[in-house]
Amino acid sequence: MSSSVTQQDPALPEPAVTVPSDGPLAGLRVLDISTILAGPLACQILGDFGADVIKIEHPQRGDGMRGHGPAKDGVQLWWKMVARNKRTVALDLGKPEGAEVFRALAATADVVVENFRPGTLERWGLGYDRLTEQNPGLILLRITGFGQTGPYSARPAFGTLVESMSGFAALTGQPDGPPTLPSFGLADSIAAMAGSSAVLTALYHRDARGGTGQVIDLSLLEPMMTAVGPGVLIADQLGTDQPRTGNRSVNNSPRDVYRTRDDSWVAISTSADTIAARVMHLVGGGALTEEPWFATGRQRAEHADELDAYVVPWIAARDRDEVIAAFAAAGAAAAPIYLPSDLLDDPQVAAREMITTVEDPELGPLRMQNVLWRMSETPGRVRHTGRPIGEDTTSVLAEVGISGEAVEDLRAAGIVR
């Protein structure tokens, strides 16, 4: 790196890697250069449990997530969540000076997460071989639609395409309707959880087993194919594809969504045979439990119309809360179809603190989903919300020896913000 960039400002303390966090991953430094959505969410999960996540985005365009979803008073809301617990650096990786700064940051990092098209980092001089010249223990998580190899590797891909190709859309929707896509980032979210798990697996190999750093090649398609279930195995062995069944299941019945008297909806699941029997006794169809076909979920699914002939009118004659209370008293499984606003007032959500309140400098107190799991000894937490672009550029670069004067030169050249 050139001396103009690494010149140490005498007014600054000796540079050091500081981790302003706590939790089981405190001390772990993650560089998040990914965008919509799997990479940022994977890094959010790591940050929630204490990792020092440094979000790096283009100084002029910013991260694409800043423009996604509704805003309040001109402030984008989704960003406040997906960029929480992250420090923000605005840096142009496509310029040689920006790549030089990034290599200095990568020399101090444990993990880099990116989701550019294959070959982009290499074109910028930021391939894994360059990044590990000074840091052989670095873990590079590369997230793409179809992976780094294969005939589709260079194709542009978003979660929608993966939800289509994975088998999910073909299974979703009414039998006489079209394949149906989710209205949220399902494939990206599943890949994010897989990606955070993959990073922790690689860290265990490096730190607990005396291994090295490595590249993680994660496509959106593979986690989504796993989430869809055993369809590939069934197609291979039986030569059949599962049809769309709407809200019913081919594996058990009763299983559907049902309208209540007060025009709400509830969902029922009877994956366990004993639960199915309790439901039928509750709704007046107890005689059907003596039928030979009632013994297994698969056989019950073939008689769904007979079972629903009792379930549908029983539920339609009652309000939602009455239905839920009766199912709970009978030891049967039912749940209301919630809107997001309903979650804000649910007693189970409140008791488990599934939604946490975080103070935001721009919008005040914000309620958002809490960390993904509870740990008795080393819990995660939300320390702060997503920050304005480039808020931490100067302080983060100081930690790797880039002087305030050098940062101002880079800022004037549009390399940082």
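Thresholds applied
- Residues numbered from 1 in each chain as written.
- Predicted model: local features only at pLDDT ≥ 70, side-chain atom pairs only at ≥ 80, totals over all residues.
- Heavy atoms only, no water.
- Pairing = 2+ DSSP bridges.
- Helix = DSSP H or I, 4+ residues; strand = E, 2+ residues; numbered from the N terminus.
- Axes fitted to C-alpha atoms, helices over the stretch in contact; angles between N-to-C directions.
- Contact = heavy atoms within 4.5 Å.
- Salt bridge = Lys/Arg side-chain N within 4 Å of Asp/Glu carboxyl O.
- Domains from an automatic or database assignment.
- Buried < 20%, exposed > 50% of the residue type's maximum accessible area, 1.4 Å probe, protein only.
- Arc of directions from axis to C-beta.

1. Some words on the sheet that holds strand E9 (residues 256–259)
Consideration 1: Reading across the sheet, the three strands line up as E9-E10-E11 and stay open at both edges, with antiparallel pairing between neighbours. Every other strand in the sheet has two partners, leaving E9 and strand E11 (334–336) as the edge strands with one partner each. Between one strand axis and the next, the sheet turns by 30° as a mean value, whatever way the strands run.
Consideration 2: Sheet analysis places strand E10 (residues 265–268) next to E11, joined by three bridges and oriented antiparallel. Residue pairing across strands places Ile-268 opposite Ala-334, the latter belonging to E11.
Consideration 3: Lying on the sheet, helix H14 (residues 304–316) is in contact with E9 and E10; it crosses E9 at an angle near 40°.

2. Focus: the pattern of salt bridges
Consideration 1: Under the defined criterion, the tally for this structure stands at 29 salt bridges.
Consideration 2: Among the salt bridges present, the one from Asp-321 reaches Arg-320, with a minimum N-O distance of 3.5 Å.
Consideration 3: Each member of the salt-bridge network shares a partner with another, and the members are Arg-29, Asp-52, Arg-87 and Glu-399.

3. Observations regarding the domain arrangement of the protein
In many analyses, interface size is given as the accessible surface area lost on bringing the parts together.
Consideration 1: In terms of domain boundaries, the protein breaks down into domain 1 (29–228 + 358–413) and domain 2 (255–259 + 265–336).
Consideration 2: Just the C-alpha atoms count here: the centres of domain 1 and domain 2 sit 43 Å apart.

4. Describing helix H10 (residues 221–228)
Consideration 1: For H10, every residue scored as buried is listed here: Leu-221, Pro-223 and Met-224. All buried residues of H10 fall inside an arc of 165° around its axis, so they share one side.
Consideration 2: Lining the buried residues of H10 we find helix H7 (159–165), helix H8 (168–171), helix H9 (186–207) and strand E8 (215–219).

5. Notes on the sheet that holds strand E5 (residues 86–90)
Consideration 1: Pairing is parallel in the open sheet, where six strands are placed in the order E5-E2-E1-E6-E7-E8. If you trace the sheet from one side to the other, it starts and ends with E5 and E8, each paired once. Each adjacent strand pair in this sheet contributes to an overall mean axis angle of 20°, direction not counted.
Consideration 2: Bridge analysis of strand E2 (residues 52–57) against E5 gives five bridges, and the strand direction is parallel.

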